[in-house]
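Fold and geometry: a report
Spelled out from the first residue to the last, the chains are:
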Amino acid sequence: MQQTSLFESRLPQPLAARLRPRTLEEYVGQSHLLGPGKVLRKLIESDQISSMIFWGPPGVGKTTLARIIANRTKANFIDFSAVTSGIKEIRAVMQQAEDSRRFGEKTILFVDEIHRFNKAQQDAFLPFVEKGSIILIGATTENPSFEINGALLSRCKVFVLQALKTEELIGLLRRALQDERGFGSQVVHIEDDLLEALAVFANGDARTALSTLEMVVLNGEVGPDGSVRVTPETLEQCTSKKSLLYDKNGEEHYNLISALHKSMRNSDPDAAVYWLARMLESGEDPLYVARRLIRFASEDVGLADPRALEQTVAAYQACHFLGMPECTVHLTQAVVYLSLAPRSNAMYAAYEHAKADAVRQLAEPVPLVIRNAPTRLMKELDYGKGYVYAHKAAEKLTTMQCLPDSLVGREYYVPTEEGLEARYKARLEHIKQWKKEHSE
């Protein structure tokens, strides 16, 4: 259990520590778990907490939530670090918890970075979790499926904590400026766009957001009346982000993503990587960029290189697992790959043409031959009559009509000769020729 000395108590705490939420009402984020009627909130309010793992990126409130649970459930709280503790420390803490249990007291053992424990250390918790000496709450930034051994993981409920949204961080920063534990006793002038820029810079991390706010306020311009003014220059210096202050929802945001798209479309990897860097170093959400690359992979490359979609989805997953700044290299790989891939917009054109017909003719009936017939009445009405299972056909092809009568002969997918799509074009031509010959 952590203890503080008399001298430590006199030292000023960082803003993030002073503003640590004490109740669920003060807690920011994780509404999917803690909103009204959500599973974790119901468990806490009914005092039915069992051992669990909190999995999520840094600064989203894993430790804070564990402390709130301990206070709410009136349990002893032991904060344990996997970085500095070994088997000896585990056994000492377990004995302490066992003694408390004999007196009818619950103990919540919070283990930060539990993934750093080896198998033997993790196994040391098992007997105490099983007999209820402790309620184990582990926190990890790594996938527990890979980092927590199966025996321990099977005894814990895993809750996935998400990075805080920009609007949630802005609300947290506003509270820090008003709360007496923060800067409520001071007059701090900071424009809304600077608060938003600071929230974007934090990239979902509440600790980073509050620490950066503390830095900019301490370095702000002090007026004759003692008030503090935070300027764009102060924020730039404290974050080392010269291009940070563009509006994520404004024109510059769309100008930059447009520049990235069009540079890739023009097969210019150097320009594409530059615009990628401009966006990321401005504080853009890497997952937003990754989602745009996934769209580009099918809209501009498609079957000319089907692996483009695999590359971009993998880049998105890497961004989700690692976050900034580590994921910059994965996005760069995807951007360069897309810039050099062969071009085909056949998928985009196919859907747009089909959409136009679908919107105009929403009531077109499905041909009877390809309707499902789960009931006898449907069979009597000829649902599915004449259907041929293609796998039983000699060439795995049939002449069944699959489009509505009014659209027979319509072509939506028109493949190009680019890259691998040339193969699909040849295959499609063979299929169409076969159907024409056998229909006649």
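Per chain, the residues get numbers from 1 upward, laid out in the order the sequence is written. Whole-chain, interface and lining totals are the exception, using all residues; otherwise, since this is a predicted model, local features are given only for residues with pLDDT of at least 70 and side-chain atom pairs are given and counted only at 80 or more. Each side-chain value is derived from all of the structure's non-hydrogen atoms; neither hydrogens nor water enter the calculation.

Quick notes on the side chain of Arg343
Relative to the elements of secondary structure, Arg343 occurs in the loop between helix H19 (328–340) and helix H20 (346–360). Note on classification: 1.4 Å probe, protein chains only; a residue is buried when its accessible area is under 20% of the maximum for its type, exposed when over 50%, partly exposed between these limits. For the purpose of charge, His is not counted, nor are the chain termini; Lys and Arg are scored as positive and Asp and Glu as negative. Any Lys or Arg side-chain nitrogen found within 4 Å of a carboxyl oxygen on Asp or Glu counts as a salt bridge. Put simply, Arg343 is tucked away with no salt bridge, and the nearest opposite charge, on Asp300, sits 5.6 Å away. Looking at Arg343, its side chain comes within polar contact range of the main-chain oxygen of Met264, at 2.5 Å. Residues are treated as being in contact if the distance between any of their heavy atoms lies within 4.5 Å. Beyond its immediate chain neighbours, meaning those up to four positions away, Arg343 contacts Met264, Arg265, Ser267, Phe296, Asp300, Val301, Ala304, Leu338, Thr416 and Glu418. Only runs of H or I of at least four residues qualify as helices and only runs of E of at least two qualify as strands under DSSP, and these elements are numbered from the N terminus. Here a polar contact is recorded for every N or O atom pair within 3.5 Å, except that within protein the pair must consist of a potential hydrogen donor and a potential acceptor, and residues adjacent in sequence are included only if both atoms are side-chain atoms.

Notes on H19
Relative to the 18 Å expected for 13 residues at 1.5 Å per residue, H19 spans 19 Å between its end C-alpha atoms, a close match to the ideal helical length. Taken residue by residue, H19 has Leu331, Ala334, Val335, Leu338 and Ser339 as its buried positions. With its buried residues spanning 135° around the axis, H19 presents them on a single face. More than 90 degrees from the buried face of H19, the exposed residues found are Val329 and Leu340. In this scheme, a helix's expected span is set at 1.5 Å multiplied by one less than its residue total. What the arc covers is the set of directions going from the helix axis to the C-beta atoms.

Things to note about unusual backbone geometry
A cis amide bond links Met324 to the next residue, Pro325, at an omega of 0°. Among the structural elements, Pro325 can be located in the loop between helix H18 (307–322) and H19. In this structure, Glu113 is a non-glycine residue whose phi angle is positive, near 55°. In this fold, Glu113 is placed in the loop between strand E3 (107–112) and helix H7 (119–123). Of the residues examined, Glu113 reaches a relative accessible area of 26% and is grouped as partly exposed.

Remarks on the pattern of salt bridges
Within this structure, the stated rule accounts for 19 salt bridges. One salt bridge in this structure joins Glu352 and Lys355, with 3.3 Å as the shortest N-O distance. Here Glu352 and its partner Lys355 are both found in helix H20, three residues apart, which amounts to about one turn of the helix. Residue classification places Glu352 among the partly exposed positions, given a relative accessible area of 26%.

Observations regarding the layout of surface pockets
Computed over the protein atoms alone on a 1 Å grid, cavities are sets of points where a 1.4 Å probe fits but cannot get out and pockets are open sets with protein on both sides within 12 Å along at least five of seven lines; a residue lines them when it has an atom within 4 Å of a point. Grid points are joined across faces, edges and corners, and a volume is the space filled by probe spheres set on the points. Roughly 1,400 Å³ of volume is contained in the largest pocket. As for the largest pocket, its lining consists of 44 residues, and the residues nearest its centre are Pro57, Ala163, Asn203, Cys319 and Gly323. It is H18 that provides the largest number of residues to the lining of the largest pocket, a total of five residues. Under the convention adopted here, Pro, Cys and the residues Ala, Val, Leu, Ile, Met, Phe, Trp and Tyr are nonpolar, Asp, Glu, Lys and Arg are charged, and Gly plus all remaining residues are polar. Looking at the lining of the largest pocket residue by residue, the classes come out as 23 nonpolar, eleven polar and ten charged.

Here we look at the packing of aromatic side chains
Centres within 6.5 Å are what make two rings of Phe, Tyr or Trp a pair, Trp counting through its six-membered ring; a difference in plane orientation under 30 degrees is then read as stacked, over 60 as edge-to-face, and the rest as tilted. Under the counting rule described, the total for this entry stands at four aromatic pairs. Judged by centre distance (6.4 Å) and plane angle (55°), the ring pair of Phe54 and Phe159 falls under tilted. Here Phe54 is found in strand E1 (residues 52–55), whereas its partner Phe159 is found in strand E5 (residues 157–160), with 105 residues between them in sequence. Owing to a relative accessible area of 0%, Phe54 belongs among the buried residues under this scheme. Between Phe117 and Phe125, the aromatic rings sit 5.7 Å apart at their centres with planes inclined by 55°, giving tilted as the arrangement. Summarising the burial analysis for this pair, Phe117 and Phe125 share the class buried.

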